[in-house]
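As a plain string of letters, each chain reads:
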Amino acid sequence: MLAKLADALAALAEWNHDACDHAARNVAEEGGVKAGLLINATRVAIVGQSVAPPLFDTMVVLGQERVVRRLRAALGEWK
């Protein structure tokens, strides 16, 4: 799911809270999992801990490239 989310986030034309939220919820729905499960896994992948400030606000501050890079690094895909 994190790989699909990384791809969905990389493809976003606009980088804002609502766009990130929508992308995550769509990937979760398509994968048949609760959004909270994917959101929590994403938080750990990009922040490194399970407790952090609100995820989508954090993603906006970090920026699209850094978030996608961290997701792919968590999966061992970044080269």
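No experiment lies behind these values; they were computed from the predicted model shown. (Residues numbered from 1 in each chain as written. Predicted model: local features only at pLDDT ≥ 70, side-chain atom pairs only at ≥ 80, totals over all residues. Heavy atoms only, no water.)

J.: I keep staring at helix H4 (residues 55-62) and nothing clicks. Help me out?
T.: Note: α-helices contain 3.6 residues per turn, so residues at a spacing of three or four share the same orientation. Burial in H4 covers these residues: Leu55, Phe56, Thr58, Met59 and Leu62. Viewed end-on, H4 has its buried residues packed into an arc of 155 degrees, placing them on one side of the element. Trailing H4 by a residue or two, Gly63 shows a phi angle of about 95 degrees, which is positive. (Buried < 20%, exposed > 50% of the residue type's maximum accessible area, 1.4 Å probe, protein only. Helix = DSSP H or I, 4+ residues; strand = E, 2+ residues; numbered from the N terminus. Arc of directions from axis to C-beta.)

J.: I'm lost on the packing of helix H1 (residues 2-10) against helix H2 (residues 17-31) in this one. Help?
T.: Angle between the axes and distance between the axes are the two parameters that describe a pair of packed helices. Two elements in contact, H1 and H2, have axes separated by 9 Å at closest approach and are oriented at 145 degrees. Crossing hand, H1 versus H2: right-handed. Where H1 abuts H2, its residues Lys4, Leu5, Ala8 and Leu9 lie against Cys20, Ala23, Ala24 and Val27. Residue composition of the contact of H1 with H2, grouped by class: seven nonpolar, no polar and one charged. (Axes fitted to C-alpha atoms, helices over the stretch in contact; angles between N-to-C directions. Left-handed = near helix turned anticlockwise from the far one by under 90°. Contact = heavy atoms within 4.5 Å. Nonpolar A, V, L, I, M, F, W, Y, C, P; charged D, E, K, R; others polar.)

J.: Would you take a moment to explain the environment of Arg25 for this structure?
T.: Mapping Arg25 onto the fold places it in helix H2. Under the relative-accessibility criterion, Arg25 is labelled partly exposed at 41%. For the pair formed by Arg25 and Ala41, sequence separation is 16 residues and the distance between their alpha carbons is 13 Å. Discounting residues that sit within four places of it in the chain, Arg25 has contacts with Ala35 and Ile39. Engagement of the side chain of Arg25 in a polar contact is seen with the side chain of Asp21, the distance being 2.4 Å. (Polar contact = N/O pair within 3.5 Å; in protein donor to acceptor, adjacent residues only side chain to side chain.)

Keep in mind these numbers describe shape, not what the thing actually does.
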